[in-house]
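# Structural overview
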Amino acid sequence: RGAKIYEMVEGTVVNGQVKVNKDASATSSRNIVMKDFVSTSQILLVKRREGYENAKLYSEHDDDKGGDDDTVHVFSLATGHLYERFLKIMMLSVTKRTSTKVKFWLFENFLSPSFKVTATAMAKHI
């Protein structure tokens, strides 16, 4: 719903004031590259699209229902065997206690080989 109401714009923030570039066109995506966990922060500036000035971002009666709305997305980064054990417990607990579909997003580069095997077996079981 947010992509329908808002569009990204180019601009700068100086002393808490937002300056939008008038000559820049609105974009629908932006690439952000993370080399490490000590990167600089990125500010995404957005503005409301024409016709959506008074639209609510969250509404109780959403007429644009899709099949993906009932999915809970869980993003996780587990580094080390202890955190992987916590992640397994959390994954089993979430899938056991929720009635909606759950999709886990894991960063494969940081997972141990043993956890990858376990996660694959858990995915087949769940």
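Residues numbered from 1 in each chain as written. Predicted model: local features only at pLDDT ≥ 70, side-chain atom pairs only at ≥ 80, totals over all residues. Heavy atoms only, no water.

### Let's talk about a nonpolar patch on the surface
A grouping of Met34, Phe37, Val38, Leu77, Phe107 and Phe110 is seen on the molecular surface, where their side chains present a nonpolar patch of about 660 Å² in accessible area. Tracing the backbone through its elements, the reader meets Phe110 in the loop between β6 (101-106) and α3 (113-125). (Patch = residues over 30% accessible without salt bridge, like charges linked within 9 Å, V, L, I, M, F, W, Y side chains within 5 Å. Areas by Shrake-Rupley, 256 points an atom, 1.4 Å probe, with all protein chains shown as cover. Salt bridge = Lys/Arg side-chain N within 4 Å of Asp/Glu carboxyl O. Helix = DSSP H or I, 4+ residues; strand = E, 2+ residues; numbered from the N terminus.)

### Points about the environment of Arg48
If you trace the backbone, Arg48 turns up in strand β4 (residues 45-48). A residue is classified by how much of its surface remains accessible, and Arg48, at 33% relative accessible area, is partly exposed. Taking the C-alpha atoms as reference, Arg48 lies 9.0 Å from Lys4; in sequence the two are 44 residues apart. If we skip the residues at most four places from it in the chain, Arg48 touches Ile5, Tyr6, Glu53 and Ala55. Among the polar contacts listed, one links the side chain of Arg48 to the backbone oxygen of Ala55, at a separation of 2.8 Å. (Buried < 20%, exposed > 50% of the residue type's maximum accessible area, 1.4 Å probe, protein only. Contact = heavy atoms within 4.5 Å. Polar contact = N/O pair within 3.5 Å; in protein donor to acceptor, adjacent residues only side chain to side chain.)

### Some points on the pairing of β6
Two strands pair when backbone bridges link them, and strand β5 (residues 71-76) and β6 are joined in this way by six bridges, in the parallel orientation. Paired with His73 across the strands is Lys103, a residue of β6. For the crossover that starts at β5, traverses helix α2 (residues 81-97) and ends in the parallel β6, the hand is right-handed. (Pairing = 2+ DSSP bridges. Right-handed = clockwise from strand over helix to strand, strands pointing away.)

### Focus on α3
Counted at 1.5 Å a residue, the expected span for α3 with its 13 residues is 18 Å, and the 19 Å between its end C-alpha atoms agrees. Of all the residues in α3, the buried ones are Phe115, Ala119 and Met122. An end-on view of α3 places all buried positions within 65 degrees of arc, on one side of the element. Seen from the buried face of α3, the exposed residues on the opposite side, beyond 90 degrees, are Pro113, Val117 and Lys124. Along its buried surface, α3 packs onto α2 and β6. (Expected span 1.5 Å × (residues − 1). Arc of directions from axis to C-beta.)

### Thoughts on the nonpolar core
Counting residues in each nonpolar core, the largest one holds 10 residues, listed as Val74, Ala78, Leu87, Met91, Val102, Phe104, Leu111, Phe115, Ala119 and Met122. The set of elements that each furnish at least two residues to this core consists of α2, β6 and α3. Considering each element in turn, this core owes the most residues, three residues, to α3. (Core = buried A, V, L, I, M, F, W, Y, C linked by side-chain atoms within 4.5 Å.)

### Details of the packing of aromatic side chains
What the rule picks out here adds up to two aromatic pairs. Pairing Tyr83 with Phe86 gives two aromatic rings, centres 6.4 Å apart and planes at 70 degrees, and the pair type is edge-to-face. Here Tyr83 and its partner Phe86 are both found in helix α2, three residues apart, which amounts to about one turn of the helix. Judged by its relative accessible area of 48%, Phe86 falls in the partly exposed class. (Phe/Tyr/Trp six-rings, centres within 6.5 Å; stacked < 30°, edge-to-face > 60°.)

### Comments concerning the packing of α2 against α3
The N-to-C vectors of α2 and α3 enclose an angle of 5 degrees; their axes lie 11 Å apart at closest approach. Classified by the interaxial angle, the pair formed by α2 and α3 is roughly parallel. On α3, the residues that touch His81, Glu84, Leu87, Lys88, Met91 and Leu92 of α2 are Ser114, Phe115, Thr118 and Met122. (Axes fitted to C-alpha atoms, helices over the stretch in contact; angles between N-to-C directions. Parallel < 35°, antiparallel > 145°, perpendicular 65-115°, else oblique.)

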